[in-house]
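Summary of the model geometry
So you can see what is in the structure, the chains are spelled out below.
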Amino acid sequence: MDTKHTIDYVSEINRIKKEKNAVILAHYYQTGDIQDIADFVGDSLALSRKAASNNADIILFAGVRFMAETAKILSPGKKVLLPDMNAGCSLADSCSAEDFSRFIEENPGRTVVTYVNTNIEVKVLSDIICTSSNAIQIIESLPADEKILFGPDRNLGNYIINKTGRDIVVWNGACHVHEEFSLEGILKLKQESPEAKVIVHPECELPVRMVADYIGSTAALLKFTQKDNSDSYIVGTEPGIIHQMKKENPGKKFIPVPPKDSTCGCNECSFMKLITIEKIYKCLRDEIPEIMIDYDILEKARKPIIRMMEISAKPGL
Ligand code: SF4
């Protein structure tokens with residue numbers, strides 16, 4: 001039987017959510033229909049906070065695996081579901097625990113700060129985790145003469161060095177989506193719409209960051225479009241965020257930055273887009289796939305995440 005056309009997924013998801021006391025946390029890079037059925041939509045930092053402070057029995061994570069793992073680490077007593085276990089992350093996969101451990105050994109005496117976009121074994125090796133929303137504040141919370149090792153994103157790492165002037169060695173990893181944004185594409189869009197402001201994520205390469213009017217995390221970009229008085233923006237991050245930007249700013253225009261290869265559509269995160277409404281329905285119904293983490297690993301990975309949460313809970317963050 002073709003169930004696709006016989007089930008009203010949205011009604012069923014809402015019914016099962018209520019019945020099972022479940023919440024759906026969705027990242028800004030999910031498709032608009034998923035963002036609209038979620039109980040909470042946010043970036044990695046906001047979703048971590050939400051995962052740590054809700055009364056649900058089940059968290060369904062509409063995002064990628066490292067995010068669902070972070071939710072499980074922060075809510076170990078809850079069942080955490082990820083509708084597709086293949087929803088990985090090219091940035092996390094650019095940094096294996098084995099290679100990162102060697103990198104730490106080669107650079108002794110440094111505080112290890114890693115981006116939340118890492119696999120759990122890399123979190124275990126870290127002193128503090130950060131997200132793109134709080135990376136600068138986390139680094140600046142450390143004593144000025146502290147030597148730091150940062151991974152895995154080289155673009156975010158270099159952005160932090162430029163902003164803080166700190167002594168930081170950076171792991172050479174990258175997100176395939178944010179490195180795909182085309183500088184030529186931005187310049188062409190700017191010629192067509194000179195009034196549009198260029199807003200980009202710090203995971204973008206330096207030439208793209210250099211032409212930006214504003215650089216910030218996904219949540220910061222959204223906030224910027226709400227406070228700023230321009231009418232149009234050229235958006236250099238995963239275009240899923242444009243759904244929220246349009247909802248929050250109905251009169252404004254948002255233009256996604258195209259990829260370098262105009263035929264590939266690779267300015268979208270293919271991992272994020274593995275999650276669909278149908279998979280969410282089945283996952284909630286059957287309560288699989290579930291995130292399972294060995295207790296010892298979970299406890300070790302929890303410490304650097306809690307340190308981040310404590311620092312970023314301070315006023316102004
Ligand atoms: S957009 Fe990049 S960093 Fe974010 S989940 Fe996708 S591959 Fe990972």
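In this report, we go over the structure that sits alongside the text. (Residues numbered from 1 in each chain as written. Predicted model: local features only at pLDDT ≥ 70, side-chain atom pairs only at ≥ 80, totals over all residues. Heavy atoms only, no water.)

This part is about the sheet that holds strand 11 (residues 232-236). Here we have four strands laid out as an open sheet, ordered 10-9-11-12, and parallel in their pairing. Each end of this open sheet is capped by a strand with a single partner; those strands are strand 10 (214-215) and strand 12 (253-256). Contacting strand 9 (197-200), strand 11 and strand 12, helix 13 (residues 241-248) crosses the sheet at an angle of about 170° to strand 12. (Pairing = 2+ DSSP bridges. Helix = DSSP H or I, 4+ residues; strand = E, 2+ residues; numbered from the N terminus. Contact = heavy atoms within 4.5 Å. Axes fitted to C-alpha atoms, helices over the stretch in contact; angles between N-to-C directions.)

Surrounding the ligand, one finds Tyr29, Val64, Cys89, Ser90, Asn117, Cys175, His176, Val177, Glu203, Cys269 and Met272. Split by residue class, the shell around the ligand holds seven nonpolar, three polar and one charged. (Near = heavy atom within 4 Å. Nonpolar A, V, L, I, M, F, W, Y, C, P; charged D, E, K, R; others polar.)

To continue, consider the pattern of salt bridges. Following the criterion strictly, the structure yields 18 salt bridges and no others. Ionic pairing is found between glutamate 192 and lysine 188, a salt bridge with its closest N-O pair at 3.4 Å. Of this pair, glutamate 192 and lysine 188 both sit in helix 10 (residues 183-192), four residues apart, which is roughly one turn of that helix. Lysine 188 matches glutamate 192 in its accessibility class, with the two residues each being exposed. A salt bridge links lysine 282 to glutamate 278; the shortest N-O distance between them is 3.2 Å. Residue lysine 282 and its partner glutamate 278 are both found in helix 14 (residues 277-286); the two are separated by four residues, about one turn of the helix. With a relative accessible area of 34%, lysine 282 lands in the partly exposed category. Residues joined by salt bridges that share partners form a network here, namely Glu12, Arg15 and Glu19. (Salt bridge = Lys/Arg side-chain N within 4 Å of Asp/Glu carboxyl O. Buried < 20%, exposed > 50% of the residue type's maximum accessible area, 1.4 Å probe, protein only.)

Turning next to the environment of histidine 176. Within the secondary structure, histidine 176 sits in the loop between strand 8 (168-170) and helix 10. Through-space distance from the C-alpha of histidine 176 to that of glycine 265 is 12 Å; in sequence the pair is 89 residues apart. Of the polar contacts made by the side chain of histidine 176, one reaches the side chain of serine 90; its length is 2.6 Å. (Polar contact = N/O pair within 3.5 Å; in protein donor to acceptor, adjacent residues only side chain to side chain.)

As a further point, take the sheet that holds strand 4 (residues 79-81). Backbone hydrogen bonds are what pair the strands of a sheet, in a parallel or an antiparallel way. Spatial ordering of the open sheet is given by 2-1-3-4, a layout of four strands whose pairing is parallel. The sheet is open, and its two edges are formed by strand 2 (40-42) and strand 4, each paired on a single side. Within this sheet the neighbouring strands show an average axis-to-axis angle of 20°, counted without direction. Pairing of strand 1 (residues 22-27) with strand 3 (residues 58-62) involves five bridges; the strand directions are parallel.

Ranked by internal contacts, the top residues of the largest apolar core, which has 94 residues, are Ile13, Ile24, Met245 and Ile280. Non-local contacts of isoleucine 280, meaning those with residues more than four positions away in its chain, are made with Ile13, Ile24, Ile34, Ile37, Leu60, Ala62, Pro83 and Ile275. In terms of nonpolar packing, the next biggest core, distinct from the first, is built from seven residues, Cys95, Phe103, Val122 and Trp171 among them. (Core = buried A, V, L, I, M, F, W, Y, C linked by side-chain atoms within 4.5 Å.)

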